[in-house]
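Report on the structure
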Amino acid sequence: MAEPSSEQAMFNVLKSVAVDGGHARVGLLALPKRIPIETPNFFGLASRGVIPHMTPDVISKHTRLSGSYMALEDFIEKTQKGVEPAVFNAESDGREALHAFTATPTPCATVLGARRHPAVVAPMGNGKDHISIFPLTGFQKLRNTEYCRAIERLQPDIAIPLADLTFGNSHIRTKLPASKRQLRMVERTEDWLAEFVKLRNTETDEMSAKPAIFAPSLPVSYSTQWEYLNRLSQDYVEHLSGLAVYDADIVPDLDGHSSLRPLPRLSMDFITSPHEILRQIQLGLDIFTVPFINTTSDAGIALTFSFPPPPTALRIQPLGIDMWSQDHQVSLKPLVDGCECYTCSKHHRAYLHHLLNAKEMLGWTLLQIHNHHVLNDFFEGIRGALTAEPSTFQRDCEVFSNMYEVGLPKGTGERPRARGYHFKAEGGKQPKINPPAWEKYGEGGTEDPTLAGEMAGLAVTGTTAEGVETPLVPDANADARDLDKKGFAEID
């Protein structure tokens, strides 16, 4: 069995706590040129290279973000002129290309994968040597060799090799492919990892820093991918710095591979609530990508949960509040009492409610600042509960589960403008997030039936309809003289 290399030494497990379902871990992840990351922790999810609604200077001044996950499909597209994507030609000024192009603050780590999280399902599927991606210009193929070259040029801190995923992450547990397809997923992923490692080790520039590799584990049963995981632990572990876990339920089985046990685990599972984060921490995951933080901010929801939960609550508490509600129209309270984020320190609920109703971008920016602060405090509380002697993590999880609602609230207002990759690939089957401000008269059920009947000669409106006049409907064969005799168009 191969011995772990020095690349793994950047992660140290400081404490492991036995809990129901597994072992929760406290650790420290140290990446070159970046601030050390205390785990459990989370990475932000970038869109087109930036955290939605927050500029790099806002991230530096008002958040404690440790890193962000980015997708290569956000930066590449085919053009008729064959022009190379701008991300490969940006001036770096001595910085890593991806950091320089996205203006990511220097202390923050960058994680690069092929597809967004969660990803839009590709209608044509993956091939033997490529996956389907969804850049700006529509679906196209991304070959493993192209992906390796892109990673070499962009120099992210962490790179996730290609994985043969056949569906969006939200369907991981409900839409598994056939057993033969699952085996092919495992075989392709292992082949692509072997090619990735080979190309990485044949690079001529020995002085350039190489990204840390987080090998993917697949959303299939442990028995299906046992051989692949065994190869990781025996043949590839010296080249690995971590694992990207696409199904958290596989983590307890990783204890059977001793050489993989010390590696940091990045959750690429689909997380819909803080309850799921706590469950995955109990299983032994270390770092999380949290899709719901961007979607709740878009929906106008201010997160309100905390860990450990407050002891004074007498009833089940919501995980967030809807800032579109008229209840906040004249409220001068902060979003959350006692919150020390910039939003709660400088502004009140009434102002944020006004910004959302006025469709001001600042409203969603302030929500993002607050929600990221809440999530940072949430993970800080988790680390504190794990490191306490004795640990209170298990007890606090039970109290949290009993005190907070299961799901996040739904916003009642409009979302900011949605891009194409927010939707499934089926096209016209999904309703729009926001109704259009203007539409052609008669579309969408807006047609006035009375006016339509009048225009068709089937109804009468106005004073005639109220009985003031007796309506006179001329015969189709009547001429002007007949109409005059009958008093047509005369007013009494």
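See the structure shown above.
The following paragraphs examine the structure supplied in this document. This is a predicted model, so every value here is computed, not measured.

About the cut-offs
Residues numbered from 1 in each chain as written. Predicted model: local features only at pLDDT ≥ 70, side-chain atom pairs only at ≥ 80, totals over all residues. Heavy atoms only, no water. 1 Å grid on protein atoms, 1.4 Å probe; cavity = no way out; pocket = protein on both sides within 12 Å on 5 of 7 lines; lining within 4 Å. Points joined across faces, edges and corners; volume = space filled by probe spheres on them. Helix = DSSP H or I, 4+ residues; strand = E, 2+ residues; numbered from the N terminus. Nonpolar A, V, L, I, M, F, W, Y, C, P; charged D, E, K, R; others polar. Salt bridge = Lys/Arg side-chain N within 4 Å of Asp/Glu carboxyl O. Buried < 20%, exposed > 50% of the residue type's maximum accessible area, 1.4 Å probe, protein only. Axes fitted to C-alpha atoms, helices over the stretch in contact; angles between N-to-C directions. Parallel < 35°, antiparallel > 145°, perpendicular 65-115°, else oblique. Left-handed = near helix turned anticlockwise from the far one by under 90°. Contact = heavy atoms within 4.5 Å. Pairing = 2+ DSSP bridges. Core = buried A, V, L, I, M, F, W, Y, C linked by side-chain atoms within 4.5 Å. Patch = residues over 30% accessible without salt bridge, like charges linked within 9 Å, V, L, I, M, F, W, Y side chains within 5 Å. Areas by Shrake-Rupley, 256 points an atom, 1.4 Å probe, with all protein chains shown as cover. Lys, Arg positive; Asp, Glu negative; His and termini not counted. Charge placed at Lys NZ, Arg CZ, Asp CG, Glu CD. Phe/Tyr/Trp six-rings, centres within 6.5 Å; stacked < 30°, edge-to-face > 60°.

In this approach a probe as big as a water molecule rolls over the atoms, and the regions it shows empty are the leftover space. Its volume calculated, the second largest pocket comes out at about 540 Å³. Around the second largest pocket, the lining is made up of 26 residues, and of these Thr304, Phe305, Val336, Asp337 and Tyr404 lie nearest the centre. Broken down by element, the lining of the second largest pocket gets its largest block of residues, five residues, from helix α10 (residues 361-387). Classifying every residue of the lining of the second largest pocket gives 13 nonpolar, seven polar and six charged.

It is worth spelling out the pattern of salt bridges at this point. Where charged atoms from two side chains of opposite charge approach closely, those side chains can pair. Counting across every chain of the model gives 22 salt bridges. Asp249 is the partner of Arg279 in a salt bridge, and the nearest nitrogen-oxygen pair spans 3.0 Å. Here the residue Arg279 occupies a position in helix α6 (residues 274-283), and Asp249 occupies one in the loop between β11 (242-245) and β12 (265-267), the gap between them amounting to 30 residues. We classify Asp249 as partly exposed; its relative accessible area is 37%. Between Glu276 and Arg279 there is a salt bridge, with its nearest N and O atoms 3.0 Å apart. Of the two residues, Glu276 and Arg279 are both situated in helix α6; the distance of three residues between them amounts to about one turn of the helix.

We now examine the packing of helix α3 (residues 144-154) against helix α4 (residues 179-201). Look at α3 against α4: their axes get within 10 Å of each other, and the N-to-C directions meet at 40 degrees. Here α4 runs oblique to α3, going by the angle between their axes. The two elements α3 and α4 cross, and the hand of that crossing is right-handed. Here Asn144, Thr145, Tyr147, Cys148 and Ile151 of α3 come into contact with α4, specifically with Trp192, Glu195, Phe196 and Leu199. The class makeup of the residues in the contact of α3 with α4 is six nonpolar, two polar and one charged.

To continue, consider the sheet that holds strand β2 (residues 22-29). Pairing is antiparallel in the open sheet, where three strands are placed in the order β1-β2-β3. Of all strands in the sheet, those bounded by a partner on one side alone are β1 (11-19) and β3 (37-39). Across the sheet, the axes of successive neighbouring strands diverge by a mean angle of 15 degrees, strand direction being ignored. Sheet analysis places β2 next to β3, joined by three bridges and oriented antiparallel. Within β3, the position partnered with Leu29 by the bridge is Ile37. The sheet contacts of α10 involve β1, β2 and β3, and relative to β2 the element is tilted by about 115 degrees.

Take the nonpolar core next. The biggest cluster of nonpolar side chains holds 84 residues, and the ones touching the most others in it are Leu232, Leu375, Phe378 and Phe393. With sequence-adjacent residues up to four places away left out, Leu232 is seen in contact with Leu193, Ala215, Val237, Leu240, Leu243 and Leu260. Ranked by size, the runner-up nonpolar core spans 19 residues in total, among them Leu31, Phe43, Ile158 and Phe214.

All right, on to a negative patch on the surface then. On the surface, a cluster of negative charge is contributed by Glu187, Asp191, Glu195 and Glu227. Residue position: Glu227 is located in helix α5 (residues 222-236). Taking the relative accessible area as the measure of exposure, Glu227 reaches 56% and is therefore exposed.

As a further point, take the sheet that holds β12. Strand order around the closed barrel formed by eight strands is β4-β5-β6-β9-β10-β11-β12-β13, with parallel pairing between neighbours. The strands touched by α10 are β4 (41-45) and β13 (287-289); relative to β4, the strand with the most contacts, the crossing angle is about 160 degrees.

Our focus in this paragraph is the pairing of strand β7 (residues 130-133). With burial as the criterion, each face of β7 is covered, one bearing His130 and Ser132 and the other bearing Ile131 and Ile133. Once β7 ends, the chain turns through six residues before running back antiparallel as strand β8 (residues 140-143), passing Gly138 with a positive phi of about 105 degrees.

This part takes up the packing of α6 against α10. Running from N to C, α6 and α10 point in directions that differ by 30 degrees, and their axes come no closer than 12 Å. Taken together, α6 and α10 sit at an angle that is classed as roughly parallel. The element α6 and its partner α10 pack so that their crossing is right-handed. Across from Pro274, Ile277, Leu278 and Ile281 in α6, the residues of α10 making contact are Leu375, Phe378, Phe379 and Ile382. Across the contact of α6 with α10, the residue classes break down as eight nonpolar, no polar and no charged.

When we look at a pair of aromatic rings, we describe it by the centre distance and by the angle of the planes. Taken as a whole, this structure holds twelve aromatic pairs when the rule is applied. Ring centres of Phe42 and Phe379 lie 5.7 Å apart, and the angle between their planes is 20 degrees; on these two criteria the pair is classed as stacked. Of the two residues, Phe42 sits in strand β4 while Phe379 sits in helix α10, which places them 337 residues apart along the sequence. Of the two residues, Phe42 and Phe379, both sit in the buried class. Both rings, one in Phe305 and one in Phe400, keep their centres 6.4 Å apart while their planes meet at 85 degrees; by these two values the pair is edge-to-face. With a gap of 95 residues between them, Phe305 in the loop between β14 (301-303) and β15 (320-322) and Phe400 in helix α11 (residues 393-403) connect regions that are remote in the sequence. Phe400 sits in the buried class, given a relative accessible area of 0%. One aromatic cluster in this structure is built from Phe42, Phe288, Phe305, Phe307, Phe378, Phe379, Phe393, Phe400 and Tyr404.

By themselves, these are just geometric observations and shouldn't be taken as functional.
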